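Structural description and commentary
Listed below, chain by chain, are the residues.
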Amino acid sequence: YLQGLEVGGTLVPCQDVSGDFYDFIPMPTGDLGIVVADTVGKGIPAALIMVLTSTLLRSLAQEGLTLPSLLKKVNETLYEHTAPGIFVDLCYLVLSHDHRRLTYITAGGINPLFFRAQAGNTFTTLRTEGQVLGAFPDVKLSVMEKELNEEDIILIWTDGLIEQSDVKGRRFGENRLRTYLKEHKHLSMAELTEQLYQRMIDFSRRELSDDVTIIAI
């Protein structure tokens, strides 16, 4: 499933265990599911919700459901089996087996950044009208698609990256992230995520205030 596809991933918890989560999920169609999620809270309670969410996503991926149907089932289970106020912010991308088409849903605020170097270093935020999972008995979700070129980069992160602040209270922010990507697009995806995390740490010079996840494809 990952043959011919370059990916990089960095996940750093701010406590002993993480409430962030990412996964690459093989699908019966030969396509590849890519999930990045962030649960409300930190530490062990958040990590337990992530384990449940991860198990549901992997199990349901084998049933051949549409992306909205799959996430609606996840939402129903989370809503029924978790305490009020618990929810999961999630994006789910499906990369076609030929790596030429991306189908995606954003359920909450994790909105990947699509970078196309061949079109003059242009950025597009991949965002759909989707609600977080687990907060309501039913959710509204919409699907979008994007055609891919060979040199395109998709960058996904949780809010711990851009919301980390320095000693003066300035956030790292998405503008610094975009500048970094333009300047380092030549790196491997593994190097891209590792060095982006280090760039944020060098900027902040403080302990992490939230879990940080970065995925580059």
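One structure accompanies this document, and this report is about it. (Residues numbered from 1 in each chain as written. Predicted model: local features only at pLDDT ≥ 70, side-chain atom pairs only at ≥ 80, totals over all residues. Heavy atoms only, no water.)

With respect to the packing of aromatic side chains
- Evaluation of the coordinates by the stated rule reveals three aromatic pairs.
- Consider the rings of tyrosine 22 and phenylalanine 24, whose centres lie 6.1 Å apart with planes at 75 degrees: the pair is edge-to-face.
- Residue classification places tyrosine 22 among the partly exposed positions, given a relative accessible area of 29%.
- Since its relative accessible area comes to 18%, phenylalanine 24 is described here as buried.
- Between phenylalanine 172 and phenylalanine 203 the ring centres are 5.6 Å apart and the planes differ by 65 degrees, which places this aromatic pair in the edge-to-face class. Here phenylalanine 172 is found in the loop between helix H3 (159-162) and helix H4 (173-183), whereas its partner phenylalanine 203 is found in helix H5 (residues 189-204), with 31 residues between them in sequence. There is no split in this pair, since phenylalanine 172 and phenylalanine 203 are both buried.
- Over the ring of phenylalanine 114 we find lysine 146; its NZ or CZ atom is 4.8 Å from the centre of that ring. (Phe/Tyr/Trp six-rings, centres within 6.5 Å; stacked < 30°, edge-to-face > 60°. Buried < 20%, exposed > 50% of the residue type's maximum accessible area, 1.4 Å probe, protein only. Helix = DSSP H or I, 4+ residues; strand = E, 2+ residues; numbered from the N terminus. Lys NZ or Arg CZ within 6 Å of the ring centre and 35° of its normal.)

With respect to the sheet that holds strand E9 (residues 153-157)
- Judged by pairing direction, the sheet is antiparallel, and its five strands sit side by side in the order E1-E10-E9-E6-E7 without closing on themselves. With one partner strand each, in any of the chains shown, strand E1 (8-12) and strand E7 (122-125) form the two edges of the open sheet. Between one strand and the next, the sheet's axes are offset by a mean angle of 15 degrees, whatever the strand orientation.
- Of the strand pairs in this sheet, E1 and strand E10 (residues 212-216) are connected by five bridges, and their pairing is antiparallel. (Pairing = 2+ DSSP bridges. Axes fitted to C-alpha atoms, helices over the stretch in contact; angles between N-to-C directions.)

Considerations on the packing of helix H1 (residues 43-60) against helix H2 (residues 67-81)
- Two numbers describe how H1 lies on H2: the axes approach to 10 Å, and their chain directions differ by 145 degrees. As for the relative orientation of H1 and H2, their crossing is right-handed in sense. Across the interface between the two elements, Ile49, Leu52, Thr53, Leu56, Leu57 and Leu60 of H1 pack against Leu70, Leu71, Lys73, Val74, Thr77 and Leu78 of H2.
- Of the residues in the contact of H1 with H2, the class split is nine nonpolar, two polar and one charged. (Left-handed = near helix turned anticlockwise from the far one by under 90°. Contact = heavy atoms within 4.5 Å. Nonpolar A, V, L, I, M, F, W, Y, C, P; charged D, E, K, R; others polar.)

Examining the packing of H4 against H5
- Orientation of H4 relative to H5, taken along the N-to-C sense of each, is 135 degrees, at an axis distance of 11 Å. The pairing of H4 with H5 is recorded here as oblique in orientation. In this structure, H4 meets H5 at a crossing whose hand is right-handed. Here Arg176, Leu177, Tyr180, Leu181 and Glu183 of H4 come into contact with H5, specifically with Glu191, Leu192, Gln195, Leu196, Arg199 and Phe203.
- Residue composition of the contact of H4 with H5, by class: six nonpolar, one polar and four charged. (Parallel < 35°, antiparallel > 145°, perpendicular 65-115°, else oblique.)

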